[in-house]
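Observations on chain architecture
Below, each chain spelled out in residue letters.
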Amino acid sequence: MKIIKGNIIFTPTYDKFEIIKDGYIILSNNKIVGVYNEIPKQYKNYELIDYKDKLIIPGMNDLHCHAPQFRNVGIAMDKELLPWLNDYTFPEESKYKDIDYGKKMYSKFVKEIYKNGTTRVAAFATIHKESTMKLMDILIDSGIGGCVGKVNMDRNSCDSLCEYTMTSINDTLDIIKRYLNKSELVKPIITPRFVPTCSEILLKNLGEIAIKYNLPVQSHLSENIGEINWVKELHPRSKFYGDVYDSYNLFGDTPTLMAHCVHLTDDEINLMKTKNVYAVHCPTSNANLGSGIMPIRKLLNNNVKIAFGSDVSGGHSFSIFKAIVYAIEFSKLIWAQNKEYDFLTLSEAFYIATKGGGSFFGNIGSFEKDYEFDALVIDDSDLNFDNYSLLERLEKFIYLGDDRHIYHRYVSGKLI
Ligand code: GUN
Ligand code: FE
């Protein structure tokens with residue numbers, strides 16, 4: 001048993017913050033017993049960690065990113081998706097055949113997400129089995145939780161990044177066998193890159209593997225108009241892009257993350273809702289690649305589950321706090337164009353970054369009873385130069401803060 005003291009802020013629901021000044025979080029092992037204004041009598045003698053005037057908030061969940069695009073973060077923003085992939089991204093990812101390069105870059109990547117307050121992550125690796133396993137080991141050593149996918153791609157890729165279908169399947173199975181039970185916190189995830197780079201035989205096998213091992217799935221969906229038209233050409237009988245994944249059990253038959261979802265049809269939105277498929281909003285990436293703006297309010301109104309992703313290196317920031325800011329700003333741009341959809345509020349965006357994304361991994365992202373304690377301790381003393389309320393302090397940190405304000409990080413009850 002342990003007690004954590006400080007200014008506690010979290011969002012049990014979309015619409016409001018729960019704020020406890022000088023409050024106490026009681027932990028039993030890695031889980032939350034409760035949040036209190038005073039320590040209940042029966043817990044008085046437990047170890048107390050006093051964070052004084054600091055803010056204690058749930059950790060950030062990054063549900064879509066590409067670890068092997070680390071070198072390209074902050075460069076190569078002058079093309080839209082398909083030429084960007086061919087000219088910048090695939091050549092960089094090809095380098096991960098070299099395990100030493102993978103180890104070097106993946107260590108930098110994990111350090112960067114750690115710095116930025118990500119406590120759970122869903123990451124794409126590359127097609128390469130050995131460096132994918134390196135990334136998993138580095139993540140396990142860091143204490144950050146989440147899942148890592150060996151990427152599958154057996155068509156429409158450059159020679160250096162195109163797999164034989166059977167190799168793709170066998171390497172995926174090999175990683176699953178080695179990592180299914182290696183770590184409580186880091187798990188494999190089935191990762192067809194996107195429809196254009198995966199043959200139907202590959203998709204069919206990946207769907208069967210996901211179901212057999214009860215593994216989650218992550219991919220890209222309806223990000224860019226050129227991409228969507230290409231999927232239509234490749235699969236003329238499919239009703240919409242997501243229908244291709246669905247016909248191979250890769251669309252919500254096990255927990256599923258679909259990144260971007262900028263240009264969805266109404267039927268696609270309906271199917272995502274029915275099958276509990278997460279739409280992962282990656283606002284900075286959508287801007288950098290000129291993809292468009294995800295209609296986040298429309299998805300929320302339709303009860304689609306939403307999470308945030310950094311999508312580095314399409315996105316240029318590792319910080320999910322920045323995803324919160326950009327998501328709010330972009331929703332205001334849509335609102336300004338025509339007033340059909342209300343813009344996103346701070347509590348809604350904070351919920352998406354914490355409890356919304358965290359729900360993919362279990363009871364994560366809130367400080368309610370039985371939630372695993374994933375948390376950030378924020379020292380905002382240099383930003384708090386006048387009598388700001390606790391909510392104003394959080395907002396100021398989200399908009400102006402960075403990794404230097406993150407004092408401590410907890411994942412599943414453990415200081416990392
Ligand atoms: N679609 C397929 N691959 C990628 C990728 O690496 N980044 C983004 N943003 N979209 C993709
Ligand atoms: Fe992506």
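Since the structure is predicted, the reported quantities are computational estimates derived from the model, not experimental observations.

Analysis parameters
Residues numbered from 1 in each chain as written. Chains lettered and ligands numbered in written order. Predicted model: local features only at pLDDT ≥ 70, side-chain atom pairs only at ≥ 80, totals over all residues. Heavy atoms only, no water. Helix = DSSP H or I, 4+ residues; strand = E, 2+ residues; numbered from the N terminus. Expected span 1.5 Å × (residues − 1). Bend = angle between axes of the 7 residues up to and from the residue. Buried < 20%, exposed > 50% of the residue type's maximum accessible area, 1.4 Å probe, protein only. Pairing = 2+ DSSP bridges. Right-handed = clockwise from strand over helix to strand, strands pointing away. Near = heavy atom within 4 Å. Polar contact = N/O pair within 3.5 Å; in protein donor to acceptor, adjacent residues only side chain to side chain. 1 Å grid on protein atoms, 1.4 Å probe; cavity = no way out; pocket = protein on both sides within 12 Å on 5 of 7 lines; lining within 4 Å. Sits in = over half its atoms within 2 Å of the grid points. Disulfide = S-S within 2.5 Å. Domains from an automatic or database assignment. Contact = heavy atoms within 4.5 Å. Buried area = accessible area lost by both parts, 1.4 Å probe. Salt bridge = Lys/Arg side-chain N within 4 Å of Asp/Glu carboxyl O.

1. Digging into helix α12 (residues 346-358)
- With 13 residues, α12 should cover 18 Å at 1.5 Å per step; its first-to-last C-alpha distance of 17 Å lies within 8% of that length.
- Along α12, the helix axis deviates most sharply at Ile352, where the bend reaches about 45 degrees.
- Within α12, 13 of the 13 residues are buried, leaving the element largely enclosed by the surrounding structure.

2. Focus: the pairing of strand β6 (residues 118-124)
- The element β6 is largely enclosed, with a buried count of 7 among its 7 residues.
- Pairing analysis gives 5 bridges linking strand β5 (residues 60-66) to β6, with the strands arranged parallel. Residue pairing in the sheet places Asp62 in a bridge with Val121 of β6.
- Bridging between β6 and strand β7 (residues 145-149) involves 5 bridges; their strand directions are parallel. Paired with Ala123 across the strands is Val148, a residue of β7.
- After leaving β6, the chain enters helix α3 (residues 129-142) and then returns to the sheet as β7, a path that is right-handed.

3. Some details on the site of ligand 1
- Near ligand 1, the surroundings consist of 13 residues, among which His66, Gln69, Arg193, Glu223 and Asp311 are the closest.
- Between ligand 1 and the protein, one listed contact pairs an oxygen atom with a side-chain N or O atom of Arg193 at 2.7 Å.
- The side chain of His260 places a nitrogen or oxygen atom 3.4 Å from a nitrogen atom of ligand 1.
- When atoms are counted within 2 Å of each cavity's grid points, the one that captures over half of ligand 1 is the largest cavity.
- If you tally residues by element for the shell around ligand 1, the top one is helix α1 (residues 81-94), at 3 residues.

4. Some thoughts on the state of the cysteines
- Scanning the entire structure with this criterion turns up 0 disulfides.
- Free of any disulfide, Cys65 has its nearest cysteine sulfur in Cys282, 9.0 Å distant.
- Here Cys158 is not cross-linked by a disulfide; its sulfur's nearest cysteine counterpart is in Cys162, at 8.1 Å.

5. Overview of the domain arrangement of the protein chain
- Considered domain by domain, the protein chain is made up of domain 1 (2-59 + 365-415) and domain 2 (60-358).
- Here domain 1 and domain 2 have C-alpha centroids that lie 29 Å from each other.
- The partner domain 2 presents 28 residues to the 33 residues of domain 1 that form the contact.
- Regarding the contact of domain 1 and domain 2, the summed buried area is about 2,400 Å², with carbon and sulfur atoms giving 64% of it.
- Considering only the surface of domain 1 that becomes buried against domain 2, Tyr14, Ile398 and Tyr399 emerge as the three largest contributors, covering 31% of it.
- If you look at where domain 1 meets domain 2, you find 3 salt bridges.

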